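# Observations on chain architecture
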Amino acid sequence: MATDTKTKATTAGNYFISNYPPFSFWEEGHREEVREAYDSKGPDGVPLGVYHHTPFCRKRCHFCYFRVYTDKSADEIKEYLDCTMRELEALAKNPLVEGRKPNFVYFGGGTPSYLSAKQLTALTDRMKAVLPWDEAEEVAFECEPGTLNAGKLAAIKEIGVTRVSLGIENFDDRILEINGRAHRTKEVYRAYERAKAEEFEQINIDLIAGMIEETEENWQRNIEKTLELDPDSVTIYQMEIPYNTTIYKEMKDTGALIAPVADWATKRRWVKEAFAALESAGYTISSGYTAVKDPERTKFIYRDALWSGADLLGLGVASFSHVAGVHYQNLTEIDEYMKVVQEGGMPLKRSLKTTEEERMIREFILKMKLGHVEAGYFSEKFGVNILEKFAGPLGHLQEEGFLEVKGGTILLDRDGLLCVDNLLHEFFLPQHQGDRIV
Ligand code: SF4
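On a predicted model such as this, the values are computed, not experimentally measured, just so you know. (Residues numbered from 1 in each chain as written. Predicted model: local features only at pLDDT ≥ 70, side-chain atom pairs only at ≥ 80, totals over all residues.)

## Observations concerning the sheet that holds strand β14 (residues 403-406)
Taken in spatial order, the three strands of this open sheet run β13-β15-β14, and their pairing is antiparallel. Either end of the sheet is taken by a strand with one partner, and the two such strands are β13 (372-374) and β14. Across this sheet, the average inter-strand angle for adjacent strands is 15 degrees, counted without regard to direction. Looking at chain direction, β14 and strand β15 (residues 409-412) are connected through four bridges and run antiparallel. In the strand pairing of β15, K406 is matched with T409. (Pairing = 2+ DSSP bridges. Helix = DSSP H or I, 4+ residues; strand = E, 2+ residues; numbered from the N terminus. Axes fitted to C-alpha atoms, helices over the stretch in contact; angles between N-to-C directions.)

Here is the structure:
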């Protein structure tokens, strides 16, 4: 059972919804449905994205639930990157991809900025030779501040990155240390200044509300320091403690049911206060997690395209893809992933061929996370009147005071937006409602 964010304490489990149907419904052994998706031409006009996964980090954060490697040599990293490119080269030959160019590219992890400037340049030269980026509207890149020296940021700019995202998480060195982060604030400021100097189109900073030992005073300082930096966008996550984290393992060892972090009401209030301060400074709240300085200029194409049903080629260990209506995930162990790719196979772990109804629900719940949903979009794309289809749960959430429906638009209020991940299960198909780990 996942964390119920309507209850007070933070217990173990995921609350963040990133896809639908839930991952627990994806199955191994359906290779043919992924094959068929790649053999198809796919519908016209669907944007294509590429996600490249770097599973390496300097240190494992205590709240991290990803499979990351902190002990790989330069040669091992080189071999892994070669595998991700072999994967791309194989995928690009399929009818679904042939002749298309990516509309967006995303480098995630792990820590993409863990790679050296030389590795990055070699990697992206090879990527571009397979699928040129000249039509990409956005190339986004996640960075850990302590990995960024001037040369590396110049290389990141040089390869064509438009949006850098700095995983700052907190501005207090003690809190960073207690939570197992590798970087410190000195590195944050240095990285930020260097990123500014490179004149990236967009700098985003990530924060987490409710890290271990977060306090009222320190959270206010985080807000002040964020405003001082004045980034193009700010993303704030509420701390959750998924299984697989060091924090959860410690909870299990001591028999603790409550995680040693702030309760959900406090975390929501902290994000609410941060959003209010950012709004006062001229920012616009563009999702349950994000504030942007200039909504006309500052887009997040990766999120918006993905949440509108774009095709995504996920490269690398454990990466997620979505192609022609089929979800799939790559093998989750690096050695196994590399072995299969080196033998010329597809490194498939599990998949799910979605129905049109599931794709409609997926887009609906993901768009709810933006705080506003246009009914007209769904009648045009899916021929479904969502106001009628979801009359029950929408009415219920309206009664609870989380949203209103104005004309053809569903509008979440701020409290609804701040706990949106906990409001979405009501829109799931009955067979998916029992499982809340998504
Ligand atoms: S930097 Fe990110 S991916 Fe790496 S260990 Fe920390 S939370 Fe996990």
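## Structural notes on the environment of I334
Positionally, I334 belongs in helix α11 (residues 334-342). When the 21 C-beta atoms within 10 Å are taken as the criterion, I334 is described as buried. The sequence separation of I334 and R67 amounts to 267 residues, and the corresponding C-alpha distance is 9.1 Å. Setting aside residues no more than four positions away along its own chain, I334 makes contact with P55, Y69, Y80 and V317. (Buried ≥ 20, exposed ≤ 12 C-beta atoms within 10 Å, placed from the backbone. Contact = placed C-beta atoms within 7 Å.)

## Thoughts on the pairing of strand β2 (residues 104-109)
Burial analysis of β2 places six of its six residues in the buried class, which makes it a mostly covered element. On β2, burial covers both faces: F104, Y106 and G108 on one face and V105, F107 and G109 on the other are all buried. As defined by bridge partners, strand β1 (residues 48-54) adjoins β2 across six bridges and the pair is classed as parallel. In the strand pairing of β2, T54 is matched with G109. Crossover β1 to β2 through helix α2 (residues 74-92) is right-handed. (Right-handed = clockwise from strand over helix to strand, strands pointing away.)

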